[in-house]
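# Architecture at a glance
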Amino acid sequence: MGSQWGRDSAYTRALREGYRSRAAYKLIEIQDRYHIIREYDNVVDLGAAPGSWLQVTRGLTRGTVLGIDLSPVAPLDGVQTLVADFTDPSLPGQVRLMLGTVNVVLSDAAPRLSGQKSYDQARAIALGEEALAFACRVLKPGGNFLVKTFQGEDFNRFLADIRDHFLSVRTYRSRTTRKGSSEIYIIAKNFVNTHEAEGPL
Ligand SMILES: C[S@@+](CC[C@H](N)C(=O)[O-])C[C@H]1O[C@@H](n2cnc3c(N)ncnc32)[C@H](O)[C@@H]1O
């Protein structure tokens, strides 16, 4: 017998509670444990569609919430969205203009899976690296970053890259993650801007 976090129960619970995806519970678990989003934070969510992390985030902060995805996100009260590829080099500048300060970057982005495990893992890490690069270009010093990735060959290198930019880095495997999946979240707190690359707005 699975736990209350088994696939079906999380899915039906999401439907019942009005979340657009069972992924909502992953962010709720992480927030309960690591407190990555604070009351007045401006938050950018990369790979935001269909929008359950945006729903959870909207309830956690009075700041601005911006979701970015390749696919449109159906409108949500009090949430801004952009249809864009977050690997586009012009996007961090655009986001800084829209939000001014960015306190938190979330990324639940995932590439379309091919089913070939090591290939998919490498692409997921590459997308995670892009999310890290985005975060480093927009985050205010002291800001937080949460990214989904997959354990495998390049995982330790990715973790080391994140440690270069944040004072505290942890990993977390969600109870809602499907059995057999190598999905893992990296929680990075307290951004240190080592190169001041962007300068003032
Ligand atoms: C697992 S879903 C995110 C679910 C979301 N966290 C939620 O709670 O509803 C992953 C998303 O990443 C998006 N994605 C993948 N690569 C992207 C990119 N380069 N730029 C923007 N979005 C991307 C996909 O379009 C997909 O909607």
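First, a word on what this report is: a plain description of the structure on this page. Only a predicted model underlies this, so the values are computations on that prediction, with no experimental measurement involved.

### Things to note about the overall build of the protein chain
- Along its length, the protein chain carries six helices and seven strands.
- In the protein chain, the order of α-helices and β-strands from amino to carboxyl end is α-α-β-α-β-β-α-β-α-β-α-β-β.
- Relative to the 2.2 N^0.38 estimate, which gives 17 Å for 201 residues, the radius of gyration of the protein chain is 16 Å and therefore close to what a compact globule would have.
- Dimensions of the protein chain along its principal axes, counting C-alpha atoms only, are 55 × 40 × 30 Å.
- A sequence separation of at least 24 residues applies to 61% of the contacts in the protein chain between residues at least 6 apart.

### Section: the pairing of strand E2 (residues 65-69)
- With five of five residues buried, E2 lies mostly within the body of the structure.
- Of the two faces of E2, the one carrying Val65, Gly67 and Asp69 and the one carrying Leu66 and Ile68 are both buried.
- Both strand E1 (residues 43-46) and E2 contribute to a ladder of four bridges, which runs parallel. Each residue of the ladder has a partner; that of leucine 46, found in E2, is isoleucine 68.
- Handedness of the crossover is the feature at issue here: the chain leaves E1, passes through helix H3 (residues 52-58), returns alongside E2, and the resulting connection is right-handed.
- Of the pairings in the sheet, the one linking E2 to strand E3 (residues 80-83) comprises four bridges and is parallel in character. Residue pairing across strands places leucine 66 opposite glutamine 80, the latter belonging to E3.

### What about the site of the ligand?
- The ligand sits among 23 residues. The nearest are Ala23, Gly47, Ala49, Ser52 and Asp108.
- Mapped onto the shell around the ligand, the elements with two or more residues apiece are H3 and E2.
- Within the shell around the ligand, the residues separate by chemical class into 13 nonpolar, six polar and four charged.

### Looking at the sheet that holds E2
- What the seven strands build is an open sheet, ordered E3-E2-E1-E4-E5-E7-E6; its pairing is mixed. Since the sheet does not close on itself, it has two edges, and those belong to E3 and strand E6 (166-172), each with one partner. Recorded for the sheet is a direction-independent mean angle of 15° between the axes of neighbouring strands.
- Sitting on the sheet, helix H5 (residues 117-138) is in contact with E1, strand E4 (102-107) and strand E5 (139-150), with an inclination near 170° to E5.
- Along the sheet, helix H6 (residues 155-163) contacts E5, E6 and strand E7 (183-191); its crossing angle with E6, the most-contacted strand, is approximately 145°.

Procedures and definitions
- Residues numbered from 1 in each chain as written.
- Predicted model: local features only at pLDDT ≥ 70, side-chain atom pairs only at ≥ 80, totals over all residues.
- Helix = DSSP H or I, 4+ residues; strand = E, 2+ residues; numbered from the N terminus.
- Rg over C-alpha atoms; globule rule 2.2 N^0.38 Å.
- Contact = placed C-beta atoms within 7 Å.
- Buried ≥ 20, exposed ≤ 12 C-beta atoms within 10 Å, placed from the backbone.
- Pairing = 2+ DSSP bridges.
- Right-handed = clockwise from strand over helix to strand, strands pointing away.
- Near = placed C-beta within 6 Å.
- Nonpolar A, V, L, I, M, F, W, Y, C, P; charged D, E, K, R; others polar.
- Axes fitted to C-alpha atoms, helices over the stretch in contact; angles between N-to-C directions.

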